[in-house]
Amino acid sequence: MRWCETDASGFVHFANYICMMEETEYAFLRSRGLSVVVSDERGIIGFPRVATEIEIESPACYDEELEIRLRVASNDGVKIEYQFEILRDSARITTGYFAVACCRFPPGKPPRAILIPDFILERLPS
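Every value quoted in this text rests on a predicted model; they were computed, and no experiment measured them.

A. Quick peek at the environment of G33. Residue placement: G33 occurs in the loop between α1 (14-31) and β1 (37-40). Under the relative-accessibility criterion, G33 is labelled partly exposed at 48%. When the C-alpha atoms of G33 and R123 are compared, they prove to be 7.5 Å apart, with 90 residues separating the residues in sequence.

Set out below in structure tokens:
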């Protein structure tokens, strides 16, 4: 993945690491036949973030090619935790973490946390 939004120094702005991790999460879900928003007979289900964290060990620079690795760290049936590594030339430069909750989005009401439906759990690694 190449990223080009930088700060004045030419380093990738810290917020872009979160975007890179999100894009990797989306690609992971698509590879499993899922999305961050899915529907079932009861309506819309999504996975909003409840926590995120990054630690930049070495900044990336404009137009560098980076590799982003995702690992499902835990899945308790309600919340999924992802861990990320961002690498440049096979060397880790950034680590990250997302926790997402499974929520139902009733029309006109706030989202509410639910157990992850079986049809989703079946597509995720244990």
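B. Broad picture of the sheet that holds β1. Pairing is antiparallel in the open sheet, where four strands are placed in the order β1-β2-β7-β8. Strands at the two margins of the open sheet, each flanked by one partner only, are β1 and β8 (112-113). With four bridges joining them, β1 and strand β2 (residues 43-46) adopt antiparallel strand pairing. Considered in β2, the bridge of D40 is made with G43.

C. Structural detail: the side chain of T24. Relative to the elements of secondary structure, T24 occurs in helix α1. Taking the relative accessible area as the measure of exposure, T24 reaches 13% and is therefore buried. A polar contact of 2.9 Å, which involves the side chain of T24, links it to the backbone oxygen of M20.

D. Quick look at the sheet that holds strand β6 (residues 91-101). Taking strand neighbours across the sheet as the criterion, the four strands line up as β3-β6-β5-β4 in an open arrangement whose pairing is antiparallel. Across the chains shown, the open sheet's two edge strands, defined by having one partner strand only, are β3 (49-56) and β4 (67-75). Across this sheet, the average inter-strand angle for adjacent strands is 15 degrees, counted without regard to direction. Two elements, strand β5 (residues 79-88) and β6, share 10 bridges in a ladder whose sense is antiparallel. Its bridge partner being in β6, I80 is matched across the sheet by V100. Across the sheet, α1 lies against β3, β4, β5 and β6, angled at about 120 degrees from β3, the strand it touches most.

E. Layout of α1. Its 18 residues give α1 an end-to-end C-alpha distance of 27 Å, which sits within 8% of 26 Å, the value for a rise of 1.5 Å per residue. Where the residues of α1 are buried, they touch β3, β4, β5 and β6. Following α1 by one or two positions, G33 adopts a phi angle in the positive range, close to 75 degrees.

Cut-off values and rules
Residues numbered from 1 in each chain as written. Predicted model: local features only at pLDDT ≥ 70, side-chain atom pairs only at ≥ 80, totals over all residues. Heavy atoms only, no water. Helix = DSSP H or I, 4+ residues; strand = E, 2+ residues; numbered from the N terminus. Buried < 20%, exposed > 50% of the residue type's maximum accessible area, 1.4 Å probe, protein only. Pairing = 2+ DSSP bridges. Polar contact = N/O pair within 3.5 Å; in protein donor to acceptor, adjacent residues only side chain to side chain. Axes fitted to C-alpha atoms, helices over the stretch in contact; angles between N-to-C directions. Contact = heavy atoms within 4.5 Å. Expected span 1.5 Å × (residues − 1).

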